[in-house]
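Okay, here's what each chain looks like letter by letter:
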Amino acid sequence: MGLKLCLSSTLKFSPISILRPISQSTKNPLRRSLLLVRALSADAAAGTTTIAPDTTPDDFRVAKAPQWKAAIDFKWIRENKEAVAANVKNRNSNANIDLVVELYDKLMNVQKEVEGLRAERNVVANRMKGKLEPSERQKLVEEGKNLKERLVTLEEDLLNLTDELQQEAQCVPNMTHPDVPVGGEDCSSIRKMVGKASEFSFSVKDHVQLGKDLNIFDFDAAAEVSGSKFYYLKNEAVMLEMGLINWAVSEVMKRGFTPLITPEIVRSSVVEKCGFQPRGTNTQVYSIEGSDQCLIGTAEIPVGGIHMDSIIPESSLPLKYVAFSHCFRTEAGAAGAATRGLYRVHQFSKVEMFILCRPEESNSFHEELIEIEEELFSSLGLHFKYASDFISSGFKFSFDVLTIVFPIHFPLAGLMTSSNFHRTIDMATQDLGAPAYRKFDVEAWMPGLGRYGEISSASNCTDYQSRRLGIRYRPESSIPPKKGKGSSTPTRFVHTLNATACAVPRMIICLLENYQQEDGSVVIPEPLRRFMGGLEIITPKIQIRC
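All of these numbers come straight from a predicted model, not from anything done at the bench. (Residues numbered from 1 in each chain as written. Predicted model: local features only at pLDDT ≥ 70, side-chain atom pairs only at ≥ 80, totals over all residues. Heavy atoms only, no water.)

## Brief notes about the overall build of the chain
Within the chain, the regular secondary structure consists of 15 helices and 21 strands. Burial analysis of the chain (546 residues in total) assigns 54% to the buried set. Here the contacts in the chain between residues at least 6 apart in sequence split such that 76% fall between residues at least 24 apart. Of the accessible surface of the chain, which amounts to about 24700 Å², a share of 52% is contributed by carbon and sulfur atoms. (Helix = DSSP H or I, 4+ residues; strand = E, 2+ residues; numbered from the N terminus. Buried < 20%, exposed > 50% of the residue type's maximum accessible area, 1.4 Å probe, protein only. Contact = heavy atoms within 4.5 Å. Areas by Shrake-Rupley, 256 points an atom, 1.4 Å probe, with all protein chains shown as cover.)

Encoded structure:
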């Protein structure tokens, strides 16, 4: 369940709130040297953009310099302009590839001029070292002065062009896997489904009514204390959340992942480098007034930043993390019955998986993340089948395979049939966040809501985030370095992947609505019971409100 890139004006919050999107500083940082950032490989270009309040697009391009630089392969974009432009169109992005290429060509021409003038200045300086007539020396002094003045102007132009090019290129989304469906959300492909939704012999309740009857939620008190889309968990719901978290972390750790509890406040630049936009009318990110910090919307952000600006030994790869955090999202624009209750909230708990790996391994690790999600859901009573090409196609990156059905292990009073309750979707181009090369969502049937709802996702972001975060690795060379010299093997950018192990509120919805009994009770799936003190069933209670 990823955050989406949003661009627009600054979101307004109540004056008494300390949380609001931050205005970007209009001051340019002091530059001590000129650096033209070039990529070390020809993989996908990366970037994002930010817009300060009350700023038009034209003003933004002229006045705003990037606060950080991504290692974008401008040459690769130029050489693959048609493919990049088609990708931008397919993803409905606002990136201007013509302008990016135009700026890059201008920058290259100005850089050649600068280099030519520097060479001329060096020639003049060398000639002045010899014995010269006063008139000839004065002539060289004047020539050197003119060259210096021309260089100052051109170098300033070079700096401005570098900033403008970086700003425009940061709008370019990641490239897209060739098998991803083109279009909007309605074009997303359901890879395979089996059976039909469960049928109950009694009138089903949604999780909101179940929570009220079981006395495990309190939305009304939370609305009074914090506002809409907040909630209190009570009684067994507290044990259920903690049980789900401990269960998910322990299960993923068995697969070789290192557990983390992350910071939940990060610098806004790290949010941007991970491909999320902390400003704008529809931003999903809470920013902290008077600082450059934001509340995280997913643990993917602080985990992605843990190796920022570092070179990882190849022998250390892959790095696999499973991280628990609370997540905070504005959910701007979300409204209606489909978002009621726990389905779309401002604060929730989530267990996230994150992998850093070699580029040639990211497709297979994407497959591994999907398999872990399948195994987790299966252990709670969900079942899935594979299409034959998934298990026989080797490294063909195809994920058109997952079918999940929920649940059949536990006998439920009144439940007539129980076959398919889940589906896996290959998300279409316009529904991909800027970092994602490919993304799969798993949706669960929620009988109380009467529809499918997303419970997890898995994304391969290739080198989009690592180019921004500066995360590289140095391939091990079979040729030993010469005596007195370090390794000459060039570094490469790692690939990053992320996937949801357990988004707690969505999982609570699924468990309550699918395991509800005719008498109003809810059965706890067996794998969770040992994480909930042996609790097997939640029963209705007489509520007393003081």
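## A few points about the packing of aromatic side chains
As enumerated under the stated definition, the model contains four aromatic pairs in all. Seen in terms of ring centroids, Phe200 and Phe202 are 5.3 Å apart; in terms of plane orientation they differ by 65°. Their pairing is edge-to-face. Taking the centre distance of 5.2 Å and the plane angle of 65° together, the rings of Trp445 and Tyr452 count as edge-to-face. With a relative accessible area of 16%, Trp445 lands in the buried category. Over the face of the ring belonging to Tyr343 we find Arg451, whose NZ or CZ atom lies 4.3 Å from the ring centre. If you follow Arg506 out to its NZ or CZ, it ends over the ring of Tyr343, 3.7 Å from the centre. (Phe/Tyr/Trp six-rings, centres within 6.5 Å; stacked < 30°, edge-to-face > 60°. Lys NZ or Arg CZ within 6 Å of the ring centre and 35° of its normal.)

## Remarks on the environment of Thr153
When you line up the elements, Thr153 lands in helix 5 (residues 134-169). Thr153 sits in the partly exposed class, given a relative accessible area of 47%.

## Quick notes on the side chain of Glu331
Along the polypeptide, Glu331 turns up in the loop between strand 9 (319-328) and strand 10 (347-357). In contact with Glu331, not counting residues within four places along its chain, are Lys229, Gln284, Arg344, Val345 and His346.

## Thoughts on helix 11 (residues 362-379)
With 18 residues, helix 11 extends 26 Å from end C-alpha to end C-alpha; this agrees with the ideal 26 Å at 1.5 Å per step. For helix 11, the set of buried residues is Ser362, Phe365, His366, Glu367, Leu369, Ile370, Ile372, Glu373, Glu374, Leu376 and Phe377. (Expected span 1.5 Å × (residues − 1).)

## Here we look at the nonpolar core
Core analysis: the largest hydrophobic core is formed by 59 residues, its most contacted members being Leu244, Val351 and Leu528. Counting residues per element, this core draws most heavily on helix 8 (residues 236-253), which supplies eight residues. Leu528 has contacts with Leu240, Gly243, Leu244, Trp247, Leu380 and Leu511, leaving out every residue within four places of it along the chain. Ranked by size, the runner-up nonpolar core spans 31 residues in total, among them Trp76, Ile97, Val110 and Leu140. (Core = buried A, V, L, I, M, F, W, Y, C linked by side-chain atoms within 4.5 Å.)

## Description of the sheet that holds strand 18 (residues 492-493)
Spatial ordering of the open sheet is given by 8-17-18, a layout of three strands whose pairing is mixed. Single-partner strands in this sheet number two, and they are strand 8 (310-313) and strand 18. Here strand 17 (residues 471-474) pairs with strand 18 via two bridges, running antiparallel. Considered in strand 18, the bridge of Tyr473 is made with Arg492. (Pairing = 2+ DSSP bridges.)

## With respect to the pairing of strand 9
Of all ten residues making up strand 9, nine are buried, and the element is well covered by its neighbours. Here strand 5 (residues 258-261) runs beside strand 9; their pairing, made up of four bridges, is parallel. Its bridge partner lying in strand 9, Ile261 is registered against Phe324. The pairing of strand 9 with strand 10 spans ten bridges and is classified as antiparallel. Paired with Phe324 across the two strands is Val351, which belongs to strand 10.

## A closer look at helix 4 (residues 97-127)
Counted at 1.5 Å a residue, the expected span for helix 4 with its 31 residues is 45 Å, and the 45 Å between its end C-alpha atoms agrees. Capping of helix 4 at its N-terminal end is provided by Asn96; its side-chain oxygen lies 3.3 Å from the backbone amide nitrogen of Asp98. (Polar contact = N/O pair within 3.5 Å; in protein donor to acceptor, adjacent residues only side chain to side chain.)

## Things to note about the packing of helix 8 against helix 14 (residues 504-514)
Orientation of helix 8 relative to helix 14, taken along the N-to-C sense of each, is 115°, at an axis distance of 10 Å. For the element pair helix 8 / helix 14, the angle class is roughly perpendicular. Relative to helix 14, helix 8 is oriented so that their crossing is right-handed. Every residue of helix 14 that contacts helix 8 at Leu240, Glu241, Leu244 and Ile245 is listed here: Val504, Met507, Ile508 and Leu511. Within the contact of helix 8 with helix 14, the residues separate by chemical class into seven nonpolar, no polar and one charged. (Axes fitted to C-alpha atoms, helices over the stretch in contact; angles between N-to-C directions. Parallel < 35°, antiparallel > 145°, perpendicular 65-115°, else oblique. Left-handed = near helix turned anticlockwise from the far one by under 90°. Nonpolar A, V, L, I, M, F, W, Y, C, P; charged D, E, K, R; others polar.)

## So, unusual backbone geometry
Following Leu317, the chain continues into Pro318 via a peptide bond in cis, with omega recorded as 0°. By the secondary structure assignment, Pro318 is in the loop between strand 8 and strand 9. Not every positive phi belongs to a glycine, and Asn215 is a case in point at roughly 55°. Here Asn215 is to be found in the loop between helix 6 (207-214) and strand 3 (217-218). Note on Asn215: relative accessible area 14%, which makes it buried. For Asp309, which is not glycine, the phi dihedral falls at a positive 55°. Structurally, the position occupied by Asp309 is in the loop between helix 10 (300-305) and strand 8. Residue Asp309 is classed as exposed on the basis of its relative accessible area, which comes to 59%.

## Notes on the confidence of the model for the chain
For the chain, per-residue confidence averages 80 on the pLDDT scale, and residues scoring 70 or more make up 74% of the total. Contacts of residues 4-63 to residues separated by more than four positions or lying in other chains number 154 contacts, the stretch itself having pLDDT below 50. Confidence over residues 383-420 falls short of pLDDT 50; this stretch has 122 contacts with residues more than four positions distant or in other chains. (pLDDT = per-residue confidence, 0-100.)

## Here's the deal with the packing of helix 4 against helix 5
Direction vectors running N to C along helix 4 and helix 5 enclose 160°, while the axes themselves pass 8 Å from each other. Between helix 4 and helix 5, the interaxial angle falls into the category roughly antiparallel. The handedness of the crossing between helix 4 and helix 5 is left-handed. For the contact of helix 4 with helix 5, the class distribution of residues is 17 nonpolar, three polar and twelve charged.

## Digging into the pattern of salt bridges
The final tally for this structure, using the stated rule, is 20 salt bridges. Asp105 serves as the salt-bridge partner of Arg78, at 2.5 Å between the closest nitrogen and oxygen. Taken together, the positions of Arg78 in helix 2 (residues 74-79) and Asp105 in helix 4 put the pair 27 residues apart, joining distant regions of the chain. Arg78 gets classed as partly exposed once you look at its relative accessible area, which sits at 41%. A relative accessible area of 26% means that Asp105 is categorised as partly exposed. Note that Arg438 and Asp426 form a salt bridge whose closest N and O atoms lie 2.4 Å from each other. (Salt bridge = Lys/Arg side-chain N within 4 Å of Asp/Glu carboxyl O.)

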